[in-house]
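Residues per chain are reported as follows:
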Amino acid sequence: MLLTLFSQIAHLLAFLLPLKIVILLGSEGVPRYFPPSFAQFDRDLLMVILGIATVGFFVAHTLAERLIDWVTKSAAHLLVERNKKLVLFENQNQVAEGAYQGFARALAGLIFCFLALIALAWVYPEMAMVMGGYLALVTVLVLGICSHSERTRDWVSSNLSGFLANLSALGFFCVFGYLVVDFVVLQPPGILTAILAILAGRQSFGRVAAAAGGLYRLYGQREKLDAIFFHGRPLLRVVADKPGSFWQHLAPGQRGKWVAPLLREFCDVETPAQEEIDEKLEWQQPATLNVGAFIYRKQGVVWMAKLFGQKKGGASQHEATLLADAPRGLPAPEFQGSSQYDAFSCGVYRLAPGKVVSSQHHGSVRFQVYSELLSVELPKPLVRRYLRSMSTLPHRMSATWLERLAVAVVTPEQRRSLKGLSLHWQGLRDLLSALPLVIYNPSLKPGSLWQAESSGDLCILHWEKWSLEPVGAGWPLGGKALDQLLEAHEQARKHRKSMRHCPFEHLVLAALAFELEQHVKNQKLDMAAETAKQLWQTLEGLVEVNKLEKELGGSDH
């Protein structure tokens, strides 16, 4: 802490002394308002001495900062070692060092402000009262308002850096304003005293703001820091739901407050009291975190209402982009509309009377949905809009995949497959780029399928993660999946013009390339090596066919 305080004082002096040099440059001699000890020196000599002192203080500040870093790391490491605990989380040492240094800087900043006020009270007591009064008034007001207003407290917490910077700037203008009034109306101090007051005010308010922000950040890490630095404290990750939080809005007694307005606004439903709606809502397991979904049934009509967490607003918009003008034949709920409730996005969808497909029957019906997706003709505006924003499988295919695969390649056959893919990688990308696109939904998991009672039609309930990929990409592999893909391919050729001249083998290549990407992304390199072998076996057949066609074409000429 003493080193930090010394560093801050040296930093202040390194910027204060150049002002004195500037004053000397504009004077014929040593001004009389300079300290009496300066009068014994010649003006030019005094400028040289102050210049050397400026460099010296700056070097001292720099060296002190380096020493602070070394002491901080050593002290934090010593404290962690003395506790003899297991590694609690990633970057534990960096968190400990940052906390130790942050606390030391915050404490040094507060002591600096205290010493500055004492110094000003000696040479300029009125300004010390102004600064001390401002700090006390702002502290009382902020703490008082935040303790009584939760909304204000949340706003201050989320905008703390800017808020503290504005308070620091306002304090500086108070100092400057009082100094102007003192010079114009009251009894002004000396020039050097005024300069010292300006610098002390600026530095003090800045240090207090930095200290307040640093201590608040340390408070936010208190569970981790307690576990690191205190012997008897284990790491506890306790997450409390604040009033008005995402989970509070999903709680019984609260969820009807946002579901009822949705039904009234978009579904023309005369909703009963919120309490009655609340009791009839059935939880529907969503496909992603921080999304809540409920089923509401009334007079043979079924609605699904969804609430998205604060960081899921993009997912809500992405889903609405597709479902608001859904392509014909898309197995999806009928989108009714979306709105805002507090800081959360919410939407409502209409479903045919039915129920969620059980986990036991999910595997037997999911290929029906995959087949329906393959037959959906995509509107050109949707495709253009998506391609302007997102990438598809061929664009994501990178030679880095093959470099990572080399780590897990063991058998000669795998080496041969890897070499073949390396030679024809760009050709494979070009082939997949020429394929029509299909809507891929990774949320097609157990609990996400809805089946109508009367017709038996299926639909996927959640579409937050939809994407466009080459046809075949995302199709499950293993077992009789390729036989299912062949049947779906034949059906799609009857319904989609773009699929009529699309060979089945190209869909298999897309499915294998997509699975290869997933394995590499999840670092399942042994499985990726086997998938690469299957991919090359399929691609090699097409390469041989193309060679034969070229040879036959050449012999005809």
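For the structure given in this document, a descriptive report is provided here.

Calculation rules
- Residues numbered from 1 in each chain as written.
- Predicted model: local features only at pLDDT ≥ 70, side-chain atom pairs only at ≥ 80, totals over all residues.
- Heavy atoms only, no water.
- Helix = DSSP H or I, 4+ residues; strand = E, 2+ residues; numbered from the N terminus.
- Buried < 20%, exposed > 50% of the residue type's maximum accessible area, 1.4 Å probe, protein only.
- Contact = heavy atoms within 4.5 Å.
- Pairing = 2+ DSSP bridges.
- Axes fitted to C-alpha atoms, helices over the stretch in contact; angles between N-to-C directions.
- Phe/Tyr/Trp six-rings, centres within 6.5 Å; stacked < 30°, edge-to-face > 60°.
- Parallel < 35°, antiparallel > 145°, perpendicular 65-115°, else oblique.
- Nonpolar A, V, L, I, M, F, W, Y, C, P; charged D, E, K, R; others polar.
- Patch = residues over 30% accessible without salt bridge, like charges linked within 9 Å, V, L, I, M, F, W, Y side chains within 5 Å.
- Areas by Shrake-Rupley, 256 points an atom, 1.4 Å probe, with all protein chains shown as cover.
- Salt bridge = Lys/Arg side-chain N within 4 Å of Asp/Glu carboxyl O.
- Lys, Arg positive; Asp, Glu negative; His and termini not counted.
- Charge placed at Lys NZ, Arg CZ, Asp CG, Glu CD.

**Focus: the side chain of aspartate 182**
Part 1: Here aspartate 182 lies in helix H6 (residues 160-184).
Part 2: Judged by relative accessible area, aspartate 182 falls into the buried class, the value being 2%.
Part 3: Sequence-distant contacts of aspartate 182, defined by excluding residues within four places in its chain, comprise Tyr124, Gln187, Pro188 and Pro189.

**A look at the sheet that holds strand E1 (residues 282-283)**
Part 1: Judged by pairing direction, the sheet is antiparallel, and its five strands sit side by side in the order E1-E2-E3-E5-E4 without closing on themselves. Of all strands in the sheet, those with a lone pairing partner are E1 and strand E4 (334-341), marking the two edges.
Part 2: Where strand E3 (residues 301-308) lies against strand E5 (residues 344-351), seven bridges are found, and the strand directions are antiparallel. Looking at the pairing, lysine 306 lines up with glycine 347 of E5.
Part 3: Where helix H10 (residues 256-267) meets the sheet, it contacts strand E2 (291-298), E3, E4 and E5, and its direction lies at approximately 130° from that of E4.
Part 4: Of the strands in this sheet, E3, E4 and E5 are in contact with helix H12 (residues 313-323), which crosses E5 at around 30°.

**Regarding the packing of aromatic side chains**
Part 1: Applying the stated criterion to the full structure yields 14 aromatic pairs.
Part 2: Taking the centre distance of 6.3 Å and the plane angle of 50° together, the rings of phenylalanine 246 and phenylalanine 344 count as tilted. Pair noted here: phenylalanine 246 is in helix H9 (residues 246-250) and phenylalanine 344 is in strand E5, with a separation of 98 residues, a long-range link. Of the two residues, phenylalanine 246 and phenylalanine 344, both sit in the buried class.
Part 3: The interplanar angle of 50° and the centroid separation of 5.5 Å between the aromatic rings of tyrosine 370 and tryptophan 475 together place this pair among those described as tilted. Taken together, the residues tyrosine 370 in helix H13 (residues 359-374) and tryptophan 475 in the loop between strand E10 (467-470) and helix H19 (481-495) connect sequence positions 105 residues apart. In this pair, the class of tyrosine 370 matches that of tryptophan 475, namely buried.
Part 4: Through pairs of rings, three or more aromatic residues link up here, namely Phe246, Trp247 and Phe344.

**A short note on the packing of helix H16 (residues 399-408) against helix H17 (residues 412-423)**
Part 1: Across the interface, H16 lies against H17 with an axial gap of 11 Å and an inter-helix angle of 170°. Between H16 and H17, the angle falls in the class roughly antiparallel. Taken together, the residues of H17 that come into contact with H16 (itself represented by Leu402, Leu405, Ala406 and Ala408) are Gln414, Leu418, Leu421 and Ser422.
Part 2: When the residues that make up the contact of H16 with H17 are grouped by side-chain class, the tally is six nonpolar, two polar and no charged.

**So, a positive patch on the surface**
Part 1: Residues Lys380, Arg384, Arg385 and Arg388 make up a contiguous surface patch of positive charge.
Part 2: Looking at where arginine 384 falls in the secondary structure, it is placed in helix H14 (residues 380-389).

**Let's talk about the pattern of salt bridges**
Part 1: Counted under the stated rule, the structure contains 10 salt bridges.
Part 2: Arginine 496 is the partner of glutamate 377 in a salt bridge, and the nearest nitrogen-oxygen pair spans 3.8 Å. Taken together, the residues glutamate 377 in the loop between H13 and H14 and arginine 496 in the loop between H19 and helix H20 (504-521) connect sequence positions 119 residues apart.
Part 3: Of the charged contacts, one joins arginine 396 and glutamate 469 as a salt bridge, the two residues approaching to 3.0 Å between their closest N and O atoms. Of this pair, arginine 396 sits in helix H15 (residues 393-396) while glutamate 469 sits in strand E10; the two residues are 73 residues apart in sequence, bridging distant segments of the chain.

Geometric descriptors of this kind do not, in isolation, establish any biological role.
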